[in-house]
Amino acid sequence: MKVNTQSVNFVADQKLIDFIQKRMDKLELFYDKVIQADVYLKVENTSDKQNKIFEARVAVPGDSFVVKKQCKSFEEGADSAASSLERQLKKRKQKLRSHI
């Protein structure tokens, strides 16, 4: 799956980009028709510890899913967003199966 990663107002290191790529590739285990994923990494300028925003948009034929998570680290955000996307993709797959 093609994952487009964009970091806003900072430069993401290659380890983070590779981690996100691996985590998003696992989504294909749950729904094999995933076209691409767009990931946006943002850092808010606040004193709050949870200032990292991980936003992912996953495109599937005829639909797209958007998840936005705010966490302490981008890795934590990637994990929680991916698990949320897994649930959404499983639900979509189940819905499509019931129509057949």
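Residues numbered from 1 in each chain as written. Predicted model: local features only at pLDDT ≥ 70, side-chain atom pairs only at ≥ 80, totals over all residues. Heavy atoms only, no water.

Draft legend 1. Broad picture of the pairing of strand β3 (residues 52–60). A large share of β3 lies buried, amounting to seven of its nine residues. In the sheet, strand β2 (residues 36–43) pairs with β3 via eight bridges, with the strands oriented antiparallel. Bridge pairing in β3 places alanine 37 opposite valine 58. In terms of strand pairing, β3 meets strand β4 (residues 63–71) through nine bridges, oriented antiparallel. Residue valine 58 lies in a different strand from β4, and its bridge partner there is phenylalanine 65. Here β3 hands over to β4 after two residues, with glycine 62 in that stretch at a positive phi of 85°. (Buried < 20%, exposed > 50% of the residue type's maximum accessible area, 1.4 Å probe, protein only. Helix = DSSP H or I, 4+ residues; strand = E, 2+ residues; numbered from the N terminus. Pairing = 2+ DSSP bridges.)

Functional significance is not addressed by these values, which are geometric in nature.
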